[in-house]
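Coordinates in review
This is what each chain is made of:
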Amino acid sequence: MQRLWKVRHAARGRAATATAAALVVALSLVASPALADESFVRNLAQRALERGIAQEARGDIAQALTSYDEAVRTDVTLGAAALRLGALRERMGDREEAELLYSHAVSSPDSSADAYYARALLRSVTQRRAEAMADLAESVAQSPRPERLRVLGGWYVEGRLWSAALSVWRALLADATLRGDEAHLREAEVTVAALSWLASDTDAVLAGKSSPDWARRSLSRAARPARRAPQGVRKLTP
């Protein structure tokens, strides 16, 4: 009897294992086509995008438009295609369509920062500076490239947003210092010095120079532009 029970128990175990294995195979058969289809669609869209880039490079704008449009229609998640198509539409003067395409491209991680930047410049041209500034700030938050920071800092200065401009130029100063870029370092130092004076009453950091809190006073002192000694002058104290 005990032997018979062991035989039945082993048979049940083998059956359960076989059932589980069959289930795994069935699930893989269901999932694999979906993944394969998704990859196939993305590859088709990517090929159309690359074709459009080559066509645009050689000046075949009509064909490039067709290829970019094909890429966008094939895979709506390919933000780079929407961004390229939007840029071409903008060059042709169709700003409304370009903005729609940029707005589509901001939802894709691969193109979000660039799409926000493109839409910011477009909205600036159409005199929608508040929206443009919000877009540019988002682009900088995602990808703080120096050239974009300079544009944002310039817009803040034009809007007399001294404290915001100062924070941007402090970031540019830190970047130039890190890279050892002397030309941009001097520019950033002069700009930070000027903006520090303009923002002295509104900047939360600089306003701390008269604070009873030693931490805020220290931050304020550290934020003031450093006075660099003239070249050739030897310091007598460390």
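Criteria and thresholds
- Residues numbered from 1 in each chain as written.
- Predicted model: local features only at pLDDT ≥ 70, side-chain atom pairs only at ≥ 80, totals over all residues.
- Heavy atoms only, no water.
- Helix = DSSP H or I, 4+ residues; strand = E, 2+ residues; numbered from the N terminus.
- Buried < 20%, exposed > 50% of the residue type's maximum accessible area, 1.4 Å probe, protein only.
- Contact = heavy atoms within 4.5 Å.
- Areas by Shrake-Rupley, 256 points an atom, 1.4 Å probe, with all protein chains shown as cover.
- Core = buried A, V, L, I, M, F, W, Y, C linked by side-chain atoms within 4.5 Å.
- Phe/Tyr/Trp six-rings, centres within 6.5 Å; stacked < 30°, edge-to-face > 60°.
- Lys NZ or Arg CZ within 6 Å of the ring centre and 35° of its normal.
- pLDDT = per-residue confidence, 0-100.
- Patch = residues over 30% accessible without salt bridge, like charges linked within 9 Å, V, L, I, M, F, W, Y side chains within 5 Å.
- Salt bridge = Lys/Arg side-chain N within 4 Å of Asp/Glu carboxyl O.
- Expected span 1.5 Å × (residues − 1).

Concerning the overall build of the chain
Within the chain, the regular secondary structure consists of ten helices and zero strands. Listing the helices and strands of the chain from first to last along the sequence gives α-α-α-α-α-α-α-α-α-α. Scored against the burial criterion, the 238 residues of the chain give a buried share of 31%. In the chain, the share of contacts with a sequence separation of at least 24, taken over all contacts with a separation of at least 6, comes to 42%. With the model as given, the accessible surface of the chain reaches about 15300 Å², and the carbon-plus-sulfur share is 59%.

Section: the nonpolar core
Residues Leu49, Tyr68, Ala81, Leu83, Leu85 and Tyr102 are the most contacted members of the largest nonpolar core, which totals 23 residues. Residue assignment for this core shows that the elements contributing at least two residues are α1 (2-57), α2 (61-74), α3 (79-91), α4 (95-105) and α5 (112-125). Those residues in contact with alanine 81 that lie beyond four places of it in its chain are Leu49, Tyr68, Ala71 and Val72.

Overview of the packing of aromatic side chains
Using the criterion set out here, one finds zero aromatic pairs in the structure. Above the ring of tryptophan 155, the side-chain terminus of arginine 129 is found at 4.5 Å from the ring centroid. Cation over ring: arginine 148 sits above tyrosine 117, and NZ or CZ is 4.6 Å from the ring centre.

Focus on the side chain of aspartate 135
Checked against the element boundaries, aspartate 135 lands in helix α6 (residues 129-142). In contact with aspartate 135, not counting residues within four places along its chain, are Tyr116, Arg119, Ala120 and Arg123.

Here's the deal with the confidence of the model for the chain
Across the chain, the average pLDDT comes to 78, with 68% of residues at or above 70. When the criterion is pLDDT under 50, residues 15-31 qualifies, and its contacts beyond four places in sequence or with other chains add up to one contact.

Some thoughts on a nonpolar patch on the surface
A contiguous nonpolar patch, built from Phe40, Val41 and Leu44 and spanning about 240 Å² of accessible area, is present on the exposed surface. Topologically, valine 41 is positioned in helix α1.

Some details on α5
The end-to-end C-alpha distance of α5 is 20 Å, a good match for the 20 Å that 14 residues give at a rise of 1.5 Å each. Counting buried positions along α5 yields eleven of 14 residues, so the element is predominantly enclosed. All buried positions along α5 are accounted for by Ser112, Ala113, Ala115, Tyr116, Tyr117, Ala118, Arg119, Ala120, Leu122, Arg123 and Ser124. On its buried side, α5 packs onto α3, α4, α6 and α7 (146-158). Directly after α5, the chain includes glutamine 127, whose backbone phi takes a positive value near 60 degrees.

Structural notes on the pattern of salt bridges
If you walk through the whole model with that rule in mind, you get 17 salt bridges. Glutamate 158 is paired through a salt bridge with arginine 129; the nearest N and O atoms lie 2.9 Å apart. Taken together, the residues glutamate 158 in helix α7 and arginine 129 in helix α6 connect sequence positions 29 residues apart. Residue classification places glutamate 158 among the exposed residues on the basis of a relative accessible area of 57%. The class for arginine 129 is partly exposed, based on a relative accessible area of 29%. Of the charged contacts in the structure, one is a salt bridge between arginine 186 and glutamate 182, with a shortest N-O distance of 3.8 Å. With arginine 186 and glutamate 182 both in helix α9 (residues 182-198) and four residues apart, the pair spans about one turn of that helix. For arginine 186, a relative accessible area of 45% gives the class partly exposed.

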